[in-house]
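Examining the three-dimensional arrangement
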Protein chains: 2
Amino acid sequence: MPELAYVNGSIMPIEDAVVPIEDRGYQFGDAVYEVIASYKGKLFCFNEHFARLDRSMKELHFQEVQVDEIRKAAVDLFSMAKIERAAVYIQVSRGVSPRNHSFPSNVPVQVVLTVRKIVEKKPSVRETGIFAITVEDFRWGRCDIKTVQLLPNVLAKQSALDAGCYDAIFVTKEGIVREGTSSNLFILKGGVLKTHPITPNILSGITRLLVLDICREKQYPAEECFFDKSELYEADEVFLTGTITEVLPVVKIDGRTVGNGKVGPVARVLQEGLLGKLKSK
Amino acid sequence: MPELAYVNGSIMPIEDAVVPIEDRGYQFGDAVYEVIASYKGKLFCFNEHFARLDRSMKELHFQEVQVDEIRKAAVDLFSMAKIERAAVYIQVSRGVSPRNHSFPSNVPVQVVLTVRKIVEKKPSVRETGIFAITVEDFRWGRCDIKTVQLLPNVLAKQSALDAGCYDAIFVTKEGIVREGTSSNLFILKGGVLKTHPITPNILSGITRLLVLDICREKQYPAEECFFDKSELYEADEVFLTGTITEVLPVVKIDGRTVGNGKVGPVARVLQEGLLGKLKSK
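Residues numbered from 1 in each chain as written. Chains lettered and ligands numbered in written order. Predicted model: local features only at pLDDT ≥ 70, side-chain atom pairs only at ≥ 80, totals over all residues. Heavy atoms only, no water.

What about the environment of Val238 of chain A?
Residues and elements named next belong to chain A.
- For Val238, the location among the structural elements is in strand β14 (residues 237-242).
- Owing to a relative accessible area of 1%, Val238 belongs among the buried residues under this scheme.
- Put simply, Val238 and Gly129 are 109 residues apart on the chain and 9.7 Å apart in space, counted from C-alpha to C-alpha.
- Those residues in contact with Val238 that lie beyond four places of it in its chain are Leu185, Phe186, Ile187, Leu232, Leu248, Pro249, Val250, Ile253 and Val258. (Helix = DSSP H or I, 4+ residues; strand = E, 2+ residues; numbered from the N terminus. Buried < 20%, exposed > 50% of the residue type's maximum accessible area, 1.4 Å probe, protein only. Contact = heavy atoms within 4.5 Å.)

Structural notes on the environment of Val75 of chain A
All names here are of chain A.
- Structurally, Val75 can be placed in helix α3 (residues 67-81).
- A relative accessible area of 36% means that Val75 is categorised as partly exposed.
- It is 21 Å that separates the C-alpha atoms of Val75 and Pro108, two residues lying 33 residues apart in sequence.

What about empty space enclosed by the protein?
- Enumeration over the complete set of coordinates arrives at five cavities of 30 Å³ or more.
- For the largest cavity, the calculated volume is near 80 Å³.
- Forming the walls of the largest cavity are Ala37, Tyr39, Phe44, Cys45, His49, Ile206, Thr207, Leu210, Gly242, Thr243, Glu246 and Leu274 of chain A.
- Counting only elements with at least two residues in the lining of the largest cavity, the list comes to β4 (31-39) and α6 (206-218) of chain A.
- No other element matches the three residues that α6 of chain A contributes to the lining of the largest cavity.
- When residues of the lining of the largest cavity are assigned to domains, at least three fall in each of domain 1 (4-117) and domain 2 (123-280) of chain A.
- When its volume is computed, the second largest cavity comes out at roughly 70 Å³.
- Together, Ala37, Tyr39, Phe44, Cys45, His49, Thr207, Leu210, Gly242, Thr243, Glu246 and Leu274 of chain B line the second largest cavity.
- Broken down by secondary-structure element, the contributors of at least two residues to the lining of the second largest cavity are β4 (31-39) and α6 (206-218) of chain B. (1 Å grid on protein atoms, 1.4 Å probe; cavity = no way out; pocket = protein on both sides within 12 Å on 5 of 7 lines; lining within 4 Å. Points joined across faces, edges and corners; volume = space filled by probe spheres on them. Domains from an automatic or database assignment.)

A closer look at the pairing of strand β6 (residues 86-93) of chain A
Residue and element names in this part refer to chain A.
- Buried residues dominate β6, accounting for eight of its eight residues.
- Residues Ala86, Val88, Ile90 and Val92 of β6 are buried on one face, and the alternating residues Ala87, Tyr89, Gln91 and Ser93, pointing to the opposite face, are buried as well.
- The pairing of β4 with β6 spans seven bridges and is classified as antiparallel. In the strand pairing of β6, Ala31 is matched with Ser93.
- Note: β6 against strand β7 (residues 110-117), eight bridges, orientation antiparallel. Counterpart to Gln91 in the pairing with β7 is Val112. (Pairing = 2+ DSSP bridges.)

With respect to the interface of chain A and chain B
- Tallying the contact residues gives 52 residues for chain A and 52 residues for chain B.
- Between chain A and chain B, a total of about 4200 Å² is buried, with carbon and sulfur atoms accounting for 67% of that surface.
- The largest share of the area that chain A buries against chain B comes from Ile21, Tyr26 and His101 of chain A, three residues that together contribute 19% of it.
- Where chain A meets chain B, there are two salt bridges.
- As a salt-bridge pair, Arg116 of chain A and Glu22 of chain B come within 2.6 Å of each other at their nearest N and O atoms.
- Residue contributions to the side of chain A that touches chain B peak at eight residues, all from helix α5 (residues 151-162) of chain A.
- Here the side of chain A that touches chain B is built from residues that sort into 26 nonpolar, 16 polar and 10 charged.
- Sheet topology note: the strand β3 (residues 18-20) of chain A/strand β3 (residues 18-20) of chain B ladder contains three bridges and is antiparallel. (Buried area = accessible area lost by both parts, 1.4 Å probe. Salt bridge = Lys/Arg side-chain N within 4 Å of Asp/Glu carboxyl O. Nonpolar A, V, L, I, M, F, W, Y, C, P; charged D, E, K, R; others polar.)

Looking at α3 of chain A
Residues and elements named next belong to chain A.
- Between its terminal C-alpha atoms α3 stretches 21 Å, which fits the 21 Å expected from 15 residues at 1.5 Å a residue.
- Here α3 has its buried residues at Val67, Ile70, Ala73, Ala74, Leu77, Phe78 and Ala81. Each buried residue of α3 lies within a common arc of 125 degrees when the element is viewed along its axis, so the set occupies one face. More than 90 degrees from the buried face of α3, the exposed residues found are Asp68, Glu69 and Lys72.
- The first or second residue beyond α3 is Lys82, which carries a positive phi of 50 degrees. (Expected span 1.5 Å × (residues − 1). Arc of directions from axis to C-beta.)

As for the packing of aromatic side chains
Residue and element names in this part refer to chain B.
- Summed over all chains, the structure comprises 12 aromatic pairs over all chains.
- Taking the centre distance of 5.2 Å and the plane angle of 10 degrees together, the rings of Phe186 and Phe239 count as stacked. On the criterion of sequence distance, the pair formed by Phe186 in strand β11 (residues 184-189) and Phe239 in strand β14 (residues 237-242) is long-range, its members being 53 residues apart.
- Overall, the relative accessible area of 1% leaves Phe186 in the buried class.
- Classification of Phe239 by relative accessible area gives buried; the value is 0%.
- Sitting over the ring of Phe103, Arg94 keeps its end group 3.7 Å from the ring centre.
- For the cation-ring pair, Lys252 lies above Phe131, with the distance from its terminal atom to the ring centre recorded as 5.1 Å. (Phe/Tyr/Trp six-rings, centres within 6.5 Å; stacked < 30°, edge-to-face > 60°. Lys NZ or Arg CZ within 6 Å of the ring centre and 35° of its normal.)

Spatial relationships are all this shows, so hold off on functional conclusions.
Below is the structure:
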């Protein structure tokens, strides 16, 4: 079960994989990515992740890309690695060219993949929920595109860890609650679920959509709407959603207990529902 | 006069220089940089650039870095390249570590340098000035740190080129004029110069400070203050300042002529004053 990397057609151990220093991903963060998780040897929501990758590249006006080739490379690398519970990381940059802000002409995109074993969270994390802090949303204005412009996410995540918490929740100066550093966010109040609508300020999470599907199936009222920090604090349940995150309950925010401080029943049902989807996707 | 790269102590042709795919500069844009220009074989404002690099690394809580070693590497590489009119590019990333948002522990920073010949602008560009567009400032909230979170700058620059212009000027939703995609911005109206004050939303440009120095020397009134797009449109002169940019007049913005549409006398004096500073720095 080796962890492997793929760089533009070549396969190698991850620690041997390199890119030119003038890859625009390195000098400008001019690159997009996806992370796909496998369960029991099967990649989950593969098509959905590739559809989003394709959209990200189009939004940034990357050169015409043969997405099918990248799909095939990802499937092949995953098969070769033989890791049942893996994260397949896919990064595509605009290409390699002497440093210049403007788009280079006729330069091929660079494709980098890795397959790594997923280090599972301690079971206690899912059983007791996590603590979070809020931080001002100081990210750029196109968080709907899944790019490597991730330094604000890095800094926010580290602030959370430094505060003895697990994650940070981005909230605008005006108080609008956005999402986590690598996940979307839902609140539940009076039986109604709310999550931020799709705008340029959040990522359209694949797990977010699956959770909304499950809400419909279970006839849980769920709204895609703005809500503010006071609603976050006063929610009965709060949880994060994401590919690796799945449905992760938040039981304390900025030192305030959420609901009764325990993982709520709705988050539990949605997490089970999500794992149930594994059979169908 | 070879163009050269330096990667963590090794020197090589730029096209042979590589970094690991799990360099955090590549996967998170978790890296800072500087560009230093040389004139007639002498690096300009070397200390000022290194002081800013040091500040950028401290703001991001990079591991303790021996800045003196990077300084020495930059000087040595520049000497070796023997390029009279060079751009020395310095990029320092937080290090190489399996992908995880949080800071890795005890991982050394990665240092990458290049020395390249500067391709001078056509003389006509400086003689007749440039055209610019305004774009909404959709960058992240810490533009005071010189990081590689540059994708919004890339997209804005490309929008300008696509519109037949040379550069884009970031303006907030509320109308506050920030700076160019890789330069600061000044306006002149009624004999008074204005430039955006130092806040987390703009880079504290070294050339910006030199230009403010020259204003003091010439007794030109200059204010560091906010001003809006209508003031930009109605200015007598507008110009960009930067290491490679120097003092670059803008004569048309969003299709509107600035002043009389010609390079103004104050921009000329400041450009000459800047070149005059070369002897002393």
